[in-house]
Amino acid sequence: SQEFYDFIKIFTEKSYMNYGNSLFNIVDHLRIELPVNKNIQLEQKDFSFVIQDTMGVAHDNSEGGNLLIDSVNLSLENVDAVVIFEDSKISGDNNASALLSHVASRMHVNKIYFAFTFFDDLDKEIFDAEEDEEDEKDEQKKKYLIDIEKNMIEGCVDNKESALLLCKNIETEKNCCFMKHLMNERDFSSIKELLSKLIL
């Protein structure tokens, strides 16, 4: 219904000007259970997903507000996983590093995952593969994003042991998903890959 959409539209807002008086200022704890799209065929048929909350750097635009801390009132001890979503075209920016620093200081880093959205839109002159060598170009993109992420991890995760473990996980792609064809209405492979990793 329109009323419910008005309540949750914080999740779909694209303009930071609309973030201020959001539901994050009026609820103590948010829990949303989402049905999995029937087109995403998971091996774990009966697995139940619960999104406890979302956090972000733009949830509070009040004057003098701490954009990250004021948007997060969530105990991370009992959370199974946190996914940091990044637009591949601007990965490793200040927003991502602020979120990573906040999360890494409050939970075990083995529970932190990275999802690189709009992977197919990433286009840099440094990728020298030909157009018909899509697999090779994808590998170059992955290496590029992994290197950026490792630099971000080393710069914002204070605990050196945690930083090394995060870097190792991302080098082996244990904790990351490169989400190809994200907006394709028939291709759900990257979403399935991410959900399967989280379940396992």
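Source: prediction; values computed, not measured. (Residues numbered from 1 in each chain as written. Predicted model: local features only at pLDDT ≥ 70, side-chain atom pairs only at ≥ 80, totals over all residues. Heavy atoms only, no water.)

## A look at the side chain of E86
Structurally, E86 can be placed in strand β3 (residues 82–87). One buried charged residue, E86, remains without a salt bridge, the closest side chain of opposite sign being K89 at 11 Å. Excluding residues that lie within four positions of it along the chain, E86 makes contacts with S91, G92, D93, A96, F114, A115, F116, T117, E149 and M152. (Helix = DSSP H or I, 4+ residues; strand = E, 2+ residues; numbered from the N terminus. Buried < 20%, exposed > 50% of the residue type's maximum accessible area, 1.4 Å probe, protein only. Lys, Arg positive; Asp, Glu negative; His and termini not counted. Salt bridge = Lys/Arg side-chain N within 4 Å of Asp/Glu carboxyl O. Contact = heavy atoms within 4.5 Å.)

## A look at the pattern of salt bridges
Counting across every chain of the model gives eight salt bridges. For D138, the salt bridge identified is with K180, shortest N-O distance 2.7 Å. Separated by 42 residues along the polypeptide, D138 in helix α3 (residues 134–156) and K180 in the loop between β5 (176–178) and α5 (189–199) bring together distant segments of the chain. Of the residues examined, D138 reaches a relative accessible area of 10% and is grouped as buried. The partner of E139 in a salt bridge is K142, and the shortest N-O contact between them spans 3.7 Å. With E139 and K142 both in helix α3 and three residues apart, this pair spans about one turn of that helix. Given the relative accessible area of 47%, E139 is considered partly exposed. One salt-bridge network, in which partners are shared between bridges, spans E139, K142 and E173.

## As for the packing of aromatic side chains
Under the counting rule described, the total for this entry stands at three aromatic pairs. Ring plane angle 10° and centroid distance 5.2 Å describe the contact between F116 and F178, whose orientation is recorded as stacked. Separated by 62 residues along the polypeptide, F116 in strand β4 (residues 112–117) and F178 in strand β5 bring together distant segments of the chain. The pair formed by F116 and F178 is uniform in burial state, with each residue classed as buried. Each ring, one from F127 and one from Y144, has its centre 5.7 Å from the other, and the planes form 85°; the classification is edge-to-face. Of this pair, F127 sits in the loop between β4 and α3 while Y144 is found in helix α3, placing the two residues 17 residues apart along the sequence. (Phe/Tyr/Trp six-rings, centres within 6.5 Å; stacked < 30°, edge-to-face > 60°.)

## Notes on the sheet that holds β3
Within a sheet, neighbouring strands are paired by backbone hydrogen bonds and run either parallel or antiparallel to one another. The strand order β3-β4-β5 describes an open sheet built from three strands, whose pairing is parallel. The strands lining the two open edges of the sheet, one partner per strand, are β3 and β5. Looking at each pair of strands side by side, their axes are set apart by 15° on average, direction ignored. In terms of strand pairing, β4 meets β5 through three bridges, oriented parallel. When the bridges of β5 are listed, A115 appears paired with C177. Running over the sheet, α3 touches β3, β4 and β5 and is turned about 135° from β4. Sitting on the sheet, α5 is in contact with β3, β4 and β5, with an inclination near 170° to β5. (Pairing = 2+ DSSP bridges. Axes fitted to C-alpha atoms, helices over the stretch in contact; angles between N-to-C directions.)

## Quick notes on the environment of F119
By the element assignment, F119 lies in the loop between β4 and α3. With relative accessibility at 0%, the residue F119 sits in the buried group. Measuring from C-alpha to C-alpha, the distance between F119 and K89 comes to 7.8 Å, with 30 residues separating the pair along the chain. With sequence-adjacent residues up to four places away left out, F119 is seen in contact with S88, D138, K141, K142, L145, F178, M179 and K180.

## Quick look at unusual backbone geometry
Even without glycine at this site, F118 takes up a positive phi of about 55°. In this structure F118 comes out as partly exposed when scored by relative accessible area, which is 27%. The phi dihedral of E173 falls on the positive side, at around 60°, and the residue is not glycine. Checked against the element boundaries, E173 lands in the loop between α4 (160–171) and β5.

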